[in-house]
Amino acid sequence: MTQSTRAFPRRWFDATMDWFDERIALRQLIAASLHVVIPRRAHTYYLGGITLFLFASQAVTGILLSLYYQPTPESAYNSILYIMNQVNFGWLMRSVHAWGANLMIIFCVLHLLRVAVQGAYKKPREITWMVGMGLLFITLGFGFTGYLLPWDQRAFWATTVGTEIASAVPLVGEAIRDFLRAGADVSALTLSRFLGVHMLILPASLVGLLLVHLLIIHQQGLADPHATEEQ
Ligand code: HEM
């Protein structure tokens, strides 16, 4: 490889950045976005980042699975078998997605516990905490709706029992259950509804809340658990 061809990607990258810089001061914007105040003695601040990484991994593997998954009671389970046995690296995508779902919940809870134990939810971080609660519920919602999608016996009965629990709510319980199931029983309509929520509503809501979460963290910096006064 000659000197000029080796330098090509770098020159091309710099030229592109210059082009954007002249118009929207891109380098300045990136530098400002990456500038977050992190206390020196921070040892447990990676838990939110790991949760974020797991979400990104779920998004990538989920999109790949959706290329082969068929959301009808007749074909859902067979499409899962097809992904596991016929699609190149399909078994890997499905396994990473299934394990990632559990890990995302675990790390989200560990992150919450770290914030709680270090008192990082206190003023001025109450909004970050409340938005975080929304993120936790959405993460649990991903698990609940995703569990039905393979449409095997375990998925069917778990969703039947899970949605039945909602009917224990006084007065409106049965209405909530029927709303979740899109009818009186778990059926093809439930499968469509859960898939729509799993692939569209929850991801859009999570990304929206995540932007707020990260924007506030960016503005405030992370709390220093050893600090003596409010910061
Ligand atoms: C999808 C779920 C979530 C993601 C991806 C996420 C991401 C993050 C990241 C990357 C940080 C900065 C690094 C760190 O402190 O670990 C952070 C900070 C924070 N998160 Fe989350 N988070 C999530 C859920 C939650 C939950 C469930 C809560 C609590 C109910 C929460 C409350 C907070 C608070 C209060 C901070 C600021 C902590 C400080 O200033 O020290 N987050 N989050």
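A quick note: this is a predicted structure, and the numbers were derived from the prediction, not measured.

(A) Molecular detail of unusual backbone geometry. Cis peptide bonds are those with omega within 30 degrees of zero, and the linkage from Lys 123 to Pro 124 qualifies with 10 degrees. In this structure, Ala 25 is a non-glycine residue whose phi angle is positive, near 45 degrees. Tracing the chain through its elements places Ala 25 in the loop between helix H1 (3–24) and helix H2 (26–34). The phi torsion at Phe 89 lies on the positive side, around 60 degrees, for a residue other than glycine. Inspection of the secondary structure assignment puts Phe 89 in the loop between helix H4 (76–85) and helix H5 (90–117). For Phe 89, a relative accessible area of 55% puts it in the exposed group.

(B) Expanded view of the coordination of the iron atom of the ligand. The protein atoms that coordinate the iron atom of the ligand are His 111 (NE2) and His 213 (NE2), at distances of 2.1 Å. Taken together, the six donor atoms coordinating the iron atom of the ligand span angles of 86 to 179 degrees at the metal, a pattern that classifies the geometry as octahedral. Separated by 102 residues along the polypeptide, His 111 in helix H5 and His 213 in helix H9 (residues 188–220) bring together distant segments of the chain.

(C) Focus on the site of the ligand. Close to the ligand lie 25 residues, the nearest being Tyr 45, His 111, Arg 114, His 213 and Ala 223. His 111 has a polar side-chain atom sitting 2.8 Å from a nitrogen atom of the ligand. A distance of 2.5 Å separates an oxygen atom of the ligand from a polar atom in the side chain of Arg 114. Among the elements of the structure, helix H3 (46–66), H5, helix H6 (126–148) and H9 are those that each provide at least two residues to the shell around the ligand. Ranked by residues supplied to the shell around the ligand, first place goes to H6 with seven residues. By residue class, the composition of the shell around the ligand is 15 nonpolar, eight polar and two charged.

What counts, and at which threshold
Residues numbered from 1 in each chain as written. Predicted model: local features only at pLDDT ≥ 70, side-chain atom pairs only at ≥ 80, totals over all residues. Heavy atoms only, no water. Helix = DSSP H or I, 4+ residues; strand = E, 2+ residues; numbered from the N terminus. Buried < 20%, exposed > 50% of the residue type's maximum accessible area, 1.4 Å probe, protein only. Donors = N, O, S within 2.8 Å, 3.2 Å for Na, K, Ca; no water. Tetrahedral: all angles 85-135°; square planar, octahedral: opposite > 155°, others 65-115°. Near = heavy atom within 4 Å. Polar contact = N/O pair within 3.5 Å; in protein donor to acceptor, adjacent residues only side chain to side chain. Nonpolar A, V, L, I, M, F, W, Y, C, P; charged D, E, K, R; others polar.

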